[in-house]
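Given next are the chains, with one letter for each unit.
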Amino acid sequence: MKIGGFVKTTLSDWDGKVSCMIFLCGCNFSCPFCHNPDVAENRADSVNLDTVLEYIEKNRDFLDGIVISGGEPTVSGDLYGLLKKLKKTGIAVKLDTNGGNPDILDDIIGARLVDYVAMDIKTSLRADKYSEATGGYGKVDDIEKSIRIIIDSGIDHEFRTTVYPGAVSPEDIKEIASKIRGADRFCIQQFRPGVTMNPEAGKVKPYSEKELRSMKAAAEPFVKRVSVRGL
């Protein structure tokens with residue numbers, strides 16, 4: 001396991017909680033619009049785990065949550081061991097995942113090693129489109145399996161889609177919402193130009209605020225709570 005980044009305090013990665021955030025290197029996707037390519041491609045400088053755990057222990061009274069992100073955490077070796085250590089702190093743990101490893105996700109939720117799961121859904125669940133959006137991952141059956149695992153488990157959760165115009169259309173948002181019918185929350189996230197896995201993706205103009213709010217309205221019949229993040 002390689003930690004490629006550590007944020008000591010964040011107010012934006014777990015709504016309502018003061019959290020720290022651990023970024024685990026490696027990913028099974030290669031999304032052209034990924035905004036954290038150094039971590040995803042294992043190029044980031046390594047952060048010492050003992051240093052991270054020492055900070056968390058010293059700030060137990062200050063922190064409400066610990067967010068595990070990436071990259072994709074479920075491809076990291078000894079993720080279970082890390083989660084067990086974090087749970088011993090008594091601080092709530094959130095896992096960010098792309099849903100590409102449903103069996104690992106099922107084991108983690110079943111073992112009660114996390115308190116909240118946020119799953120990214122990259123685009124509508126058609127194999128060709130998903131493969132294009134993720135740089136080659138087209139196993140949409142596994143993505144759907146992860147969706148059902150999360151919803152059926154009863155764990156606190158959200159699904160989210162970054163609306164990169166090269167991969168996600170307004171029609172896709174409605175289709176995604178229909179696939180997560182009954183979910184607690186769906187976050188429509190604004191795409192941020194700049195540093196991306198594929199430099200050309202970073203030059204794409206994001207959707208307008210009006211377009212994002214129209215997507216929100218299209219998703220609301222299917223999900224309990226729909227929000228727009230990043231305006």
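A short tour of the structure in this document, coming up.

Basis of the calculations
- Just so you know, the residues in each chain are numbered from 1, in the order the chain's sequence is written.
- Residues qualify for local features only when their pLDDT is at least 70, as the model is predicted, and side-chain atom pairs are given and counted only at 80 or more; totals for whole chains, interfaces and linings, by contrast, use all residues.
- Remark: hydrogens and water are excluded; side-chain values derive from all non-hydrogen atoms of the structure.
- Helix and strand definitions here come from DSSP, where helices need a minimum of 4 consecutive H or I residues and strands a minimum of 2 consecutive E residues; each element is numbered from the N-terminal end.
- Remark: nonpolar core denotes a set of buried residues (Ala, Val, Leu, Ile, Met, Phe, Trp, Tyr, Cys) joined through side-chain atoms within 4.5 Å.
- Buried residues are those whose accessible area, probed at 1.4 Å on protein chains only, stays under 20% of the maximum for their type, while exposed residues exceed 50% and partly exposed ones sit between those limits.
- Note on contacts: a residue pair is in contact if any heavy atoms of the two residues lie within 4.5 Å.
- Pairing between strands requires that DSSP locate at least two bridges from one strand to the other.
- Axis geometry follows a simple rule: fit a line to the C-alpha atoms, using only the stretch in contact for helices, then measure angles between N-to-C directions, giving values from 0 to 180 degrees.

**Describing the environment of Asp142**
Part 1 of the reasoning: For Asp142, the position within the fold is in helix α6 (residues 140-153).
Part 2 of the reasoning: Along the primary structure Asp142 and Gly100 are separated by 42 residues, whereas in three dimensions their C-alpha atoms are 6.2 Å apart.

**Looking at the nonpolar core**
Part 1 of the reasoning: Core analysis: the biggest nonpolar cluster contains 63 residues, and Ile56, Ile68, Phe159 and Phe186 have the highest contact counts within it.
Part 2 of the reasoning: Here this core takes six residues from α6, the largest share from any one element.
Part 3 of the reasoning: The contact partners of Phe159, leaving out residues within four places of it in the chain, are Met119, Ile121, Ile147, Ile150, Ile151, Ile180, Ala183, Arg185, Phe186 and Cys187.
Part 4 of the reasoning: With ten residues, the next largest nonpolar core counts Trp14, Cys25, Ala44 and Ala118 among its residues.

**Regarding the sheet that holds strand β1 (residues 3-10)**
Part 1 of the reasoning: Spatially, β1-β2-β3-β4-β5-β6-β7-β8 is the arrangement adopted by the eight strands of the open sheet, whose pairing is mixed. If you trace the sheet from one side to the other, it starts and ends with β1 and β8 (226-229), each paired once. Between one strand axis and the next, the sheet turns through 20° on average, direction left out of account.
Part 2 of the reasoning: Where strand β2 (residues 19-24) and strand β3 (residues 65-69) come together, five bridges link them in parallel fashion. When the bridges of β3 are listed, Phe23 appears paired with Ser69.

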